[in-house]
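Chain by chain, the residues:
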Amino acid sequence: MEPTRVAQELVEAWHPDAVAALLGGSVVTSRRTPYSDLDIVVVFAGDREPSRSSLRFGAWPVELFVHTEASWRWFVEREIPRRKSSLLSMCAHGVVLADRDGTGARLRDEARQLLAAGPPDATAAEIEDQRYVLTDLLDDLAGCSTAGERLFIVTEIAGRAAEFVLLRTGSWTGGGKWTARRVDAVWTGFSAELEGLVREALEGRAAGLVALVDEVLAPSGGRRWEGYRRSGYPDI
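Now for a quick tour of the structure. Computed from a predicted structure; not experimentally measured.

Glancing now at the sheet that holds strand S5 (residues 95-99). With respect to topology, five strands assemble into an open sheet ordered S3-S4-S2-S1-S5, the strand pairing being mixed. For this open sheet the edge positions go to strand S3 (51-57) and S5, each flanked by a neighbour on one side alone. Ignoring strand direction, the axes of neighbouring strands in this sheet form an average angle of 20°. Sheet topology places strand S1 (residues 20-24) next to strand S2 (residues 38-44); five bridges connect them, and they run antiparallel.

This is the structure we're talking about:
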(Lines give C-alpha, C1' and ligand atoms only; values in the text may rest on other atoms or scores of the structure.)
Protein backbone atom coordinates (compact mmCIF):
# COMPACT_ATOMS: atom_id res chain seq x y z
CA MET A 1 0.00 0.00 0.00
CA GLU A 2 1.11 3.57 -0.71
CA PRO A 3 3.00 4.87 2.37
CA THR A 4 0.99 8.07 2.81
CA ARG A 5 -2.24 6.09 3.04
CA VAL A 6 -0.69 3.64 5.52
CA ALA A 7 0.49 6.54 7.67
CA GLN A 8 -2.97 8.13 7.57
CA GLU A 9 -4.53 4.84 8.69
CA LEU A 10 -2.08 4.62 11.59
CA VAL A 11 -2.91 8.14 12.76
CA GLU A 12 -6.65 7.55 12.42
CA ALA A 13 -6.45 4.26 14.31
CA TRP A 14 -4.04 5.15 17.09
CA HIS A 15 -4.23 8.92 17.46
CA PRO A 16 -7.65 10.16 16.34
CA ASP A 17 -7.42 13.02 18.86
CA ALA A 18 -4.24 14.49 17.30
CA VAL A 19 -4.64 18.02 15.95
CA ALA A 20 -2.01 17.41 13.27
CA ALA A 21 0.24 14.74 11.80
CA LEU A 22 2.96 14.82 9.14
CA LEU A 23 4.83 12.10 7.30
CA GLY A 24 8.45 12.88 6.48
CA GLY A 25 11.77 11.25 5.71
CA SER A 26 13.00 9.32 2.69
CA VAL A 27 9.73 7.47 2.24
CA VAL A 28 8.08 10.57 0.71
CA THR A 29 10.95 11.16 -1.72
CA SER A 30 12.41 9.47 -4.79
CA ARG A 31 15.08 8.00 -2.47
CA ARG A 32 12.60 5.57 -0.89
CA THR A 33 13.89 2.00 -0.55
CA PRO A 34 12.32 -1.26 0.68
CA TYR A 35 13.91 -0.46 4.05
CA SER A 36 12.49 3.06 4.40
CA ASP A 37 10.36 3.57 7.47
CA LEU A 38 7.43 5.89 8.11
CA ASP A 39 8.66 8.95 10.02
CA ILE A 40 5.47 10.38 11.50
CA VAL A 41 5.25 13.54 13.61
CA VAL A 42 2.01 13.66 15.61
CA VAL A 43 0.96 16.87 17.36
CA PHE A 44 -1.55 17.10 20.21
CA ALA A 45 -3.25 20.02 21.93
CA GLY A 46 -2.79 20.59 25.65
CA ASP A 47 -0.18 18.92 27.82
CA ARG A 48 1.51 15.72 26.68
CA GLU A 49 5.00 14.38 27.24
CA PRO A 50 7.01 14.37 23.98
CA SER A 51 8.23 10.94 22.98
CA ARG A 52 9.88 8.96 20.23
CA SER A 53 9.08 5.30 19.59
CA SER A 54 9.90 2.61 17.05
CA LEU A 55 7.17 0.16 16.11
CA ARG A 56 5.44 -1.70 13.28
CA PHE A 57 2.11 -0.99 11.67
CA GLY A 58 1.28 -3.90 9.44
CA ALA A 59 4.36 -4.55 7.34
CA TRP A 60 5.74 -1.05 7.83
CA PRO A 61 8.44 0.00 10.30
CA VAL A 62 7.46 3.28 11.94
CA GLU A 63 9.31 6.02 13.81
CA LEU A 64 6.70 7.98 15.75
CA PHE A 65 7.47 11.43 17.14
CA VAL A 66 4.83 12.73 19.55
CA HIS A 67 4.66 16.44 20.36
CA THR A 68 2.56 19.35 21.42
CA GLU A 69 3.12 22.60 19.56
CA ALA A 70 5.12 23.86 22.56
CA SER A 71 7.37 20.78 22.73
CA TRP A 72 7.86 20.90 18.93
CA ARG A 73 9.23 24.43 19.26
CA TRP A 74 11.36 23.49 22.27
CA PHE A 75 13.04 20.68 20.29
CA VAL A 76 13.52 22.87 17.21
CA GLU A 77 15.06 25.67 19.27
CA ARG A 78 17.44 23.16 20.86
CA GLU A 79 18.42 21.55 17.55
CA ILE A 80 19.06 24.68 15.46
CA PRO A 81 22.24 25.78 17.34
CA ARG A 82 23.62 22.28 16.72
CA ARG A 83 23.04 22.79 12.96
CA LYS A 84 21.35 19.39 12.80
CA SER A 85 17.57 19.45 12.94
CA SER A 86 15.93 16.24 11.81
CA LEU A 87 12.58 17.45 13.16
CA LEU A 88 12.68 20.56 10.98
CA SER A 89 13.62 18.50 7.94
CA MET A 90 10.85 15.94 8.48
CA CYS A 91 8.21 18.64 8.80
CA ALA A 92 9.50 20.99 6.09
CA HIS A 93 9.57 18.24 3.45
CA GLY A 94 6.72 16.21 4.88
CA VAL A 95 3.19 15.42 3.78
CA VAL A 96 0.36 16.64 6.02
CA LEU A 97 -1.65 13.58 7.06
CA ALA A 98 -4.11 15.28 9.40
CA ASP A 99 -4.82 18.90 10.23
CA ARG A 100 -7.85 19.62 12.39
CA ASP A 101 -7.15 23.27 13.14
CA GLY A 102 -4.39 24.47 10.81
CA THR A 103 -1.54 23.41 13.11
CA GLY A 104 -0.08 20.99 10.58
CA ALA A 105 0.14 23.53 7.77
CA ARG A 106 1.44 26.20 10.15
CA LEU A 107 4.22 24.00 11.54
CA ARG A 108 5.21 22.83 8.07
CA ASP A 109 5.43 26.45 6.84
CA GLU A 110 7.44 27.46 9.90
CA ALA A 111 9.78 24.50 9.41
CA ARG A 112 10.32 25.45 5.78
CA GLN A 113 11.18 29.03 6.68
CA LEU A 114 13.62 28.00 9.43
CA LEU A 115 15.26 25.35 7.27
CA ALA A 116 15.65 27.79 4.35
CA ALA A 117 17.19 30.40 6.68
CA GLY A 118 19.98 27.96 7.44
CA PRO A 119 21.85 27.21 10.66
CA PRO A 120 23.86 29.73 12.68
CA ASP A 121 27.18 30.80 11.16
CA ALA A 122 30.20 28.94 12.48
CA THR A 123 32.39 30.96 14.81
CA ALA A 124 36.08 31.48 14.16
CA ALA A 125 36.82 29.27 17.17
CA GLU A 126 34.68 26.42 15.82
CA ILE A 127 36.45 26.57 12.47
CA GLU A 128 39.85 26.58 14.17
CA ASP A 129 38.87 23.67 16.44
CA GLN A 130 37.93 21.51 13.48
CA ARG A 131 41.07 22.50 11.55
CA TYR A 132 43.06 21.38 14.56
CA VAL A 133 41.24 18.04 14.85
CA LEU A 134 41.71 17.22 11.17
CA THR A 135 45.37 18.20 11.31
CA ASP A 136 45.92 15.95 14.31
CA LEU A 137 44.16 13.07 12.56
CA LEU A 138 46.30 13.53 9.44
CA ASP A 139 49.41 13.35 11.63
CA ASP A 140 48.07 10.17 13.25
CA LEU A 141 47.48 8.69 9.81
CA ALA A 142 51.00 9.53 8.70
CA GLY A 143 52.41 7.65 11.67
CA CYS A 144 49.97 4.73 11.58
CA SER A 145 51.47 1.26 11.17
CA THR A 146 48.56 -1.13 11.90
CA ALA A 147 45.44 -1.88 9.89
CA GLY A 148 43.19 -1.67 12.94
CA GLU A 149 44.33 1.82 13.87
CA ARG A 150 44.21 2.89 10.24
CA LEU A 151 40.55 1.82 10.01
CA PHE A 152 39.41 4.12 12.80
CA ILE A 153 41.65 7.03 11.85
CA VAL A 154 40.57 6.99 8.21
CA THR A 155 36.85 6.67 8.95
CA GLU A 156 37.02 9.52 11.46
CA ILE A 157 38.88 11.67 8.94
CA ALA A 158 36.17 10.95 6.37
CA GLY A 159 33.34 11.97 8.69
CA ARG A 160 35.15 15.03 10.00
CA ALA A 161 36.08 16.22 6.52
CA ALA A 162 32.47 16.05 5.33
CA GLU A 163 31.24 17.80 8.47
CA PHE A 164 33.86 20.52 8.00
CA VAL A 165 32.64 21.19 4.45
CA LEU A 166 29.13 21.64 5.83
CA LEU A 167 30.35 23.80 8.71
CA ARG A 168 32.35 26.25 6.62
CA THR A 169 29.64 26.54 3.94
CA GLY A 170 26.93 27.36 6.49
CA SER A 171 24.98 24.19 5.73
CA TRP A 172 22.85 21.94 7.88
CA THR A 173 24.68 18.84 9.06
CA GLY A 174 23.27 15.34 9.32
CA GLY A 175 24.05 11.83 10.41
CA GLY A 176 24.68 8.73 8.31
CA LYS A 177 23.14 8.97 4.85
CA TRP A 178 22.11 12.58 5.47
CA THR A 179 25.75 13.62 5.77
CA ALA A 180 26.37 12.28 2.26
CA ARG A 181 23.25 13.92 0.84
CA ARG A 182 23.94 17.30 2.38
CA VAL A 183 27.63 17.44 1.57
CA ASP A 184 26.95 16.43 -2.04
CA ALA A 185 24.47 19.32 -2.25
CA VAL A 186 27.27 21.83 -1.65
CA TRP A 187 30.19 19.90 -3.20
CA THR A 188 28.99 17.81 -6.12
CA GLY A 189 30.33 14.26 -6.01
CA PHE A 190 32.17 14.75 -2.73
CA SER A 191 30.94 11.56 -1.04
CA ALA A 192 31.75 9.37 -4.05
CA GLU A 193 35.25 10.85 -4.33
CA LEU A 194 35.77 10.47 -0.60
CA GLU A 195 34.61 6.85 -0.67
CA GLY A 196 37.19 5.92 -3.29
CA LEU A 197 39.98 7.66 -1.43
CA VAL A 198 38.99 6.02 1.85
CA ARG A 199 39.31 2.61 0.19
CA GLU A 200 42.80 3.52 -1.01
CA ALA A 201 43.80 4.83 2.42
CA LEU A 202 42.63 1.66 4.13
CA GLU A 203 44.97 -0.23 1.81
CA GLY A 204 47.84 1.99 2.91
CA ARG A 205 47.72 4.48 0.03
CA ALA A 206 46.65 7.64 1.81
CA ALA A 207 48.04 10.38 -0.47
CA GLY A 208 44.71 10.99 -2.22
CA LEU A 209 42.75 11.26 1.00
CA VAL A 210 45.34 13.60 2.50
CA ALA A 211 45.18 15.81 -0.60
CA LEU A 212 41.38 16.00 -0.43
CA VAL A 213 41.42 16.95 3.25
CA ASP A 214 44.00 19.65 2.51
CA GLU A 215 41.66 20.91 -0.23
CA VAL A 216 38.81 20.98 2.29
CA LEU A 217 40.92 22.92 4.79
CA ALA A 218 42.49 25.38 2.35
CA PRO A 219 39.66 27.98 2.20
CA SER A 220 39.77 28.28 6.00
CA GLY A 221 43.54 28.65 6.30
CA GLY A 222 44.74 25.08 5.95
CA ARG A 223 46.07 22.88 8.69
CA ARG A 224 46.26 24.16 12.27
CA TRP A 225 48.32 22.67 15.05
CA GLU A 226 51.32 24.58 16.44
CA GLY A 227 50.14 27.50 18.56
CA TYR A 228 46.60 26.19 18.93
CA ARG A 229 45.26 26.77 22.45
CA ARG A 230 41.89 26.44 24.17
CA SER A 231 40.99 26.93 27.79
CA GLY A 232 38.73 24.37 29.41
CA TYR A 233 39.38 21.50 26.99
CA PRO A 234 36.47 21.98 24.57
CA ASP A 235 34.62 18.89 23.39
CA ILE A 236 35.83 18.67 19.80
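Don't stop here, the text continues.
Tracing the sequence through the fold places Ala 45 in the loop between S2 and S3. As for Ala 45 and Thr 103, which are separated by 58 residues in sequence, their C-alpha atoms are 9.6 Å apart.

Look at Arg 83: it is not a glycine, yet its phi comes out positive at around 65°. With respect to the element layout, Arg 83 can be found in the loop between helix H2 (69-79) and helix H3 (86-92).

A few words on helix H5 (residues 124-142). For H5, built from 19 residues, the straight-helix expectation of 27 Å at 1.5 Å per residue is met to within 8% by its first-to-last C-alpha distance of 27 Å. All of the buried residues in H5 are Ile 127, Glu 128, Asp 129, Gln 130, Arg 131, Val 133, Leu 134, Thr 135, Leu 137, Leu 138 and Leu 141. Buried residues in H5 make contact with helix H6 (147-168) and helix H9 (207-217).

Together, Leu 151, Phe 152 and Leu 202 make up an exposed nonpolar region whose accessible area comes to about 280 Å². Tracing the backbone shows Leu 151 in helix H6. On the basis of relative accessibility, which here comes to 37%, the residue Leu 151 falls in the partly exposed class.

This next bit is on the environment of Ala 122. Here Ala 122 is to be found in the loop between helix H4 (103-117) and H5. When the C-alpha positions of Ala 122 and Leu 151 are compared, they lie 29 Å apart, and in sequence the two are 29 residues distant.

With that settled, the discussion passes to the nonpolar core. Among the nonpolar cores identified, the biggest contains 30 residues, and Leu 141, Ile 157, Phe 164, Phe 190, Leu 194, Leu 209 and Val 213 are the most heavily contacted of them. Secondary structure elements with two or more residues in this core: H5, H6, helix H8 (190-202) and H9. If one sorts the elements of this core by residue count, H6 sits on top with ten residues. Apart from the residues within four sequence positions on either side, Val 213 is in contact with Leu 134, Leu 138, Ile 157 and Ala 161.

Right, let's get into the pattern of salt bridges. Per the counting criterion, the structure on display carries 15 salt bridges. Glu 128 is the partner of Arg 224 in a salt bridge, and the nearest nitrogen-oxygen pair spans 2.7 Å. On the criterion of sequence distance, the pair formed by Arg 224 in the segment after H9 and Glu 128 in helix H5 is long-range, its members being 96 residues apart. Given the relative accessible area of 16%, Glu 128 is considered buried. One salt bridge in this structure joins Arg 199 and Glu 195, with 2.3 Å as the shortest N-O distance. Note that Arg 199 and Glu 195 are positioned in helix H8 at a spacing of four residues, about one turn of the helix. Given the relative accessible area of 38%, Glu 195 is considered partly exposed. Several salt bridges converge on common partners, so that one network encompasses Glu 69, Arg 73, Arg 106 and Glu 110.

The element S1 is largely enclosed, with a buried count of five among its five residues. Of the two faces of S1, the one lined by Ala 20, Leu 22 and Gly 24 and the one lined by Ala 21 and Leu 23 are each fully buried. Alignment of S1 against S5, held across four bridges, turns out to be antiparallel. In the strand pairing of S5, Ala 20 is matched with Asp 99.

What counts as what
- Residues numbered from 1 in each chain as written.
- Predicted model: local features only at pLDDT ≥ 70, side-chain atom pairs only at ≥ 80, totals over all residues.
- Heavy atoms only, no water.
- Pairing = 2+ DSSP bridges.
- Helix = DSSP H or I, 4+ residues; strand = E, 2+ residues; numbered from the N terminus.
- Axes fitted to C-alpha atoms, helices over the stretch in contact; angles between N-to-C directions.
- Expected span 1.5 Å × (residues − 1).
- Buried < 20%, exposed > 50% of the residue type's maximum accessible area, 1.4 Å probe, protein only.
- Contact = heavy atoms within 4.5 Å.
- Patch = residues over 30% accessible without salt bridge, like charges linked within 9 Å, V, L, I, M, F, W, Y side chains within 5 Å.
- Areas by Shrake-Rupley, 256 points an atom, 1.4 Å probe, with all protein chains shown as cover.
- Salt bridge = Lys/Arg side-chain N within 4 Å of Asp/Glu carboxyl O.
- Core = buried A, V, L, I, M, F, W, Y, C linked by side-chain atoms within 4.5 Å.

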